[in-house]
Amino acid sequence: MSFKRASLVALVCVSSFLPICSNASSAIQQTKGNFEDKFRQLDEALPTPNVYRNAAGEPGHMYWQQKVDYVIDVKLDEAKRRLSASQSIDYQNNSPDTLKYLWIQLDQNKFKDDSMATLTSAFGGVGGRGPASQGANGDSPARLSLGALRSQQFVEDTELGFELNKVTDNRGNPLNYVVVGTLMRVDLASPLKPNSSTKLKIDFAFNIVEENAVSARGGYEHFPDDAREGGNDIFLLAQWFPRLAAYTDYEAWTNKEFMGRGEFTLEFGNYDVSITVPADHIVSSTGELSNPKDVLTKTQRKRLEEAETAKRPVFIVTEEEALENEKEGTNKSKTWRFKAEKVRDFAWASSRKFMWDAKGYNQGGKERPLVMAMSFYPKEGGDLWKKYSTESVIHTMEVYSRFSFDYPYPVAQSVNGPVGGMEYPMITFNGPRTDLQDDGERTYSLAEKRFLIGVVIHEVGHIYFPMIVNSDERQWTWMDEGLNSFLDGVAGREWDPTIPWGVEPRDITSYMKSSTQVPIMTQSDSILQFGRNAYAKPAVALNILRETILGRDLFDFALKEYAQRWKYKRPTPADFFRTMEEASGVDLDWFWRGWFYSTDHVDISLDHVYKLRLDTKDPDIDFARQRQAELDKPLSLTDERNKAEGIELWIDKNKDVSDFYDENDQFTVTNKERNKYRSFLNKLEPWERRVFERAVKEDKNYYVLDFSNKGGLVMPIILELEFEDGSIDNMYIPAEIWRRAPHSVSKLIVTEKDKVLKSVTVDPRWETADVDVENNHYPRRIIPTRIEAYKSNSSKTGVRRDLMQDSKTKLKTDDEIKNDKKDNEDEK
């Protein structure tokens, strides 16, 4: 990619990973010995500050970003499961550059059978998104899941991708365009100069994907068993319209092919969207409903008003009304009109199956004192959704606002459908459901309850990051997924700490030492284990930074400063790193290097503990100590057995033969040693003698602890010191102890004479993600674990099948097979 300004070259260095910036750091090289500077300043790798992004991590005094407004009329054809729409786009060029063309995202083209995502999907490969497959291994055959077959058949049977019917300027003049995979370049009739705007119109249509078939971020879900003939659908529409790609100061056009994993960064703007759907559908959408009298009943509008001050969610559409609505369908239609300001995207959902509940969240403040939290879900959501969805939405806003800013939009919504979890401005898609039992009751597992609360918190949290703090997930997935996973862990543990939120350091130790780990800074499409790398590891890193490195006060202040600086703007990793350091006042370059730019792991081993006693220099004291130390050594095994056998020593049999050394040994003190001691004292300066004599008098315990850094990642050394008197002390040694000795280091600890060290434990509360806690103990402990007894069974396959008996088996009916399946599920 070529750039028009030299400053962009420096800025793009952070966009993928350090090798891009190799020229910046190659000037400094260690060519002698094995010293590795774990504390080398990160500025060598980060882009040079400039007028757009300054050295403090703030938007610079000439920061700019584009603005794009949309007016869209869209119609849902329920029978054909097809969308058709016309849109008008107003593009404002706030950059200092003149643009000859615009790049537009066509994400629906990702599902075409000739797309890059489809053609490069490896069979049995690591890190794939969607239905599973598994390559052959030895005698084990290759495996293709039924989900993969379903996906293949759906793509084969359905024409997918955008159908572009018109691309014109505002006057209707056709514009030349070229489709490149999931992107479209539109050539402008005349160059668009800085501080100018242009308008274009696009008419488009596409067949909606079945989400469960292709594992999309939107689509339809079919319910064939509903009372209505032919069943019903839930439609979740996301990434559904041609959207302007972002044009940035650090990369120019962000026109990377959409492969299905890393999402996008977009431009903020205003939306006016009219959505025409069957008249019995309920619509949830980005934005504020501007024509409620046209689409809602008087009763529904009154319920919405009541919900503003209700203690618990109020049903706008009750379960009974939704069930009645499911039964028939209609040929009539309604148009719902939504308007949204300062948003970077637009999504919506539609179905006749939806219940709808709402509750007002009074957050105070001047910008948006009241927010309507709302949930939309079918009967399959059951009591799980009734109790927890909307309440989880409000809890998220309560917690996230403490770390960032007041929620700025009029609504925050949670919608149940086929998508497990996805976020857009003001609206989220969340998947957990209840199970229908034989007695007609709907139940759910503890795991499903945890999943719902967790996914709602996570997805609503995404409205803050990246829907408002507009980072680029395609480039740096961790900037929204990792940061958001950290915050949803904070919110989750304030909801119920017994739920495993997956952000404790212990949760990632297996990944940290695995061979499939890649640096957090890796571009999203190249990540091998997406969840652990983009979500869990950065979340744990930030948790450690808050609880162990900086402390809550410094961390919380710095994070809030970052969020407020970059609200409605587009930060890069450099902006985050610099803000956290500038606002906290702590040099964290070693932390970013280790956790974000490397695949090192934490494994600090306590190898030795030496107990030292200060020599007094007085031979009458020191020689006696040395004699006792010799006597304390184990008796020679030979000497012990000779004595047991009654072997008489020569010196005992010949006592008449003796000399001076039979009464004196190497520990005998003479005046020569005493004179040497007195001479030593006399040569000391007065202050030296005072220090020495005090140390001798106090006779403290001196312990030297030897540590080795086996994992490579430098971290603070956190110690628990247990003493023989039963007392316990805790000690925190900052990570900077490794600065000049990154591989091994020793630490002197001095205690009072009566405080005798019994044992030492490194990281006793598992704060640092140390992958091997067994080498953290000194003395080493017996490793507690478990063993399971099992009964071995002989093989019943191949030639070992008892065909004589099996041939007598009766063929079961379909009902009997269903009952067997249920019994098996109950046993599990």
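**Student:** Help me understand the overall build of the chain in this model?
**Tutor:** Secondary structure assignment for the chain yields 23 helices and 34 strands. A buried classification covers 50% of the 828 residues belonging to the chain. Look at the contacts in the chain between residues 6 or more apart in sequence, and 76% of them connect residues 24 or more apart. Carbon and sulfur atoms make up 48% of the accessible area of the chain, which totals about 41500 Å². Placing the 112 positive and 132 negative side-chain charges of the chain at their respective mean positions leaves the two points 3 Å apart.

**Student:** Sorry if this is basic, but what is going on with the packing of helix α15 (residues 573-584) against helix α16 (residues 589-596) here?
**Tutor:** A pair of packed helices is captured by two measures, namely the crossing angle of their axes and the spacing between those axes. Where α15 meets α16, the closest approach of the two axes is 10 Å, and the angle between their N-to-C directions is 145°. Note on packing geometry: the crossing formed by α15 with α16 is right-handed. Contacts from F576, F577, M580 and E581 in α15 reach D589, W592 and F596 in α16. Residue classes in the contact of α15 with α16 are distributed as 5 nonpolar, no polar and 2 charged.

**Student:** Just to check I follow, could you spell out the pairing of strand β7 (residues 177-180) for this structure?
**Tutor:** Along any regular strand, the residues point their side chains to alternate faces of the sheet. Looking at chain direction, β7 and strand β8 (residues 183-192) are connected through 4 bridges and run antiparallel. Bridge pairing in β8 places Y177 opposite V186. Taking the residues that link successive antiparallel strands as the turn, the β7-β8 hairpin has 2 residues, and the phi of G181 there is positive, at about 65°.

**Student:** Just checking my understanding: could you explain the pairing of strand β19 (residues 333-343) for this structure?
**Tutor:** The pairing of strand β15 (residues 269-278) with β19 spans 9 bridges and is antiparallel. Counted as the bridge partner of V277 is K334 from β19. In the sheet, strand β17 (residues 288-289) pairs with β19 via 2 bridges, with the strands oriented antiparallel. Note that in β19 the partner of L289 across the bridge is F338.

**Student:** Looking at this structure, how should I read the sheet that holds strand β32 (residues 744-751)?
**Tutor:** The pairing of strands in a sheet comes from backbone hydrogen bonds and takes either a parallel or an antiparallel form. On the basis of which strands lie adjacent, the open sheet formed by 3 strands has the order β28-β29-β32 and antiparallel pairing. Looking at strand neighbours, the two that pair on one side only are β28 (604-613) and β32, the edges of this open sheet. Strand-to-strand twist of the sheet, defined as the mean angle between neighbouring strand axes without regard to direction, takes the value 20°. Note that β28 and strand β29 (residues 701-709) share 9 bridges and pair antiparallel. Within the sheet, the bridge partner assigned to R613 lies in β29 and is N701.

**Student:** Sorry, what's going on with the packing of helix α17 (residues 619-631) against helix α20 (residues 671-682) here?
**Tutor:** Taken N-terminus to C-terminus, the directions of α17 and α20 make an angle of 120°; their axes are 9 Å apart at the nearest point. In this view, α17 runs oblique relative to α20, as classed from their interaxial angle. On the side of α17, the interface is formed by P619, D620 and F623, while α20 contributes E673, R674 and Y677. Of the residues assigned to the contact of α17 with α20, the class counts are 3 nonpolar, no polar and 3 charged.

**Student:** When you look at the nonpolar core in this model, what are you seeing that I'm missing?
**Tutor:** A general tendency of soluble globular proteins is for nonpolar side chains to be buried together. In this structure, W240, W348, F429, F576, F591, W595 and F596 are the most contacted members of the largest nonpolar core, which totals 196 residues. In this structure F596 touches W478, P519, I520, M521, P538, A541, F577 and F591, once residues within four positions along its chain are discounted. Counting 5 residues, the second largest nonpolar core, distinct from the first, contains Y511, I527, F530 and A534.

**Student:** What's the story with helix α13 (residues 530-550) in this structure? I'm lost.
**Tutor:** In an α-helix, one turn spans 3.6 residues; hence positions three or four apart end up facing the same way. I544 marks where α13 bends most, by close to 30°. The element α13 is extensively covered by neighbouring structure, given that 17 of its 21 residues are classed as buried.

**Student:** Help me understand a nonpolar patch on the surface in this model?
**Tutor:** Together, L649, W650, I651 and V657 line one region of the surface with nonpolar side chains, adding up to about 430 Å² of accessible area. Along the polypeptide, L649 turns up in the loop between α18 (637-644) and α19 (650-653). Taking relative accessible area as the criterion, L649 reaches 49% and is therefore assigned partly exposed.

**Student:** Just checking my understanding: could you explain the packing of aromatic side chains for this structure?
**Tutor:** The geometry of two aromatic rings is summed up by the distance between their centres and the angle between their planes. A full pass over the atoms with the stated rule returns 46 aromatic pairs. Residues W240 and F241 carry aromatic rings whose centres are separated by 4.9 Å and whose planes lie at 65° to one another, so their mutual orientation is edge-to-face. Grouping residues by exposure puts W240 and F241 together as buried. Members of the aromatic cluster, each reached through a chain of ring pairs, are F39, W478, Y562, F576, F577, W590, F591, W592, W595, F596 and Y597.

Cut-offs applied
Residues numbered from 1 in each chain as written. Predicted model: local features only at pLDDT ≥ 70, side-chain atom pairs only at ≥ 80, totals over all residues. Heavy atoms only, no water. Helix = DSSP H or I, 4+ residues; strand = E, 2+ residues; numbered from the N terminus. Buried < 20%, exposed > 50% of the residue type's maximum accessible area, 1.4 Å probe, protein only. Contact = heavy atoms within 4.5 Å. Areas by Shrake-Rupley, 256 points an atom, 1.4 Å probe, with all protein chains shown as cover. Lys, Arg positive; Asp, Glu negative; His and termini not counted. Charge placed at Lys NZ, Arg CZ, Asp CG, Glu CD. Axes fitted to C-alpha atoms, helices over the stretch in contact; angles between N-to-C directions. Left-handed = near helix turned anticlockwise from the far one by under 90°. Nonpolar A, V, L, I, M, F, W, Y, C, P; charged D, E, K, R; others polar. Pairing = 2+ DSSP bridges. Parallel < 35°, antiparallel > 145°, perpendicular 65-115°, else oblique. Core = buried A, V, L, I, M, F, W, Y, C linked by side-chain atoms within 4.5 Å. Bend = angle between axes of the 7 residues up to and from the residue. Patch = residues over 30% accessible without salt bridge, like charges linked within 9 Å, V, L, I, M, F, W, Y side chains within 5 Å. Salt bridge = Lys/Arg side-chain N within 4 Å of Asp/Glu carboxyl O. Phe/Tyr/Trp six-rings, centres within 6.5 Å; stacked < 30°, edge-to-face > 60°.

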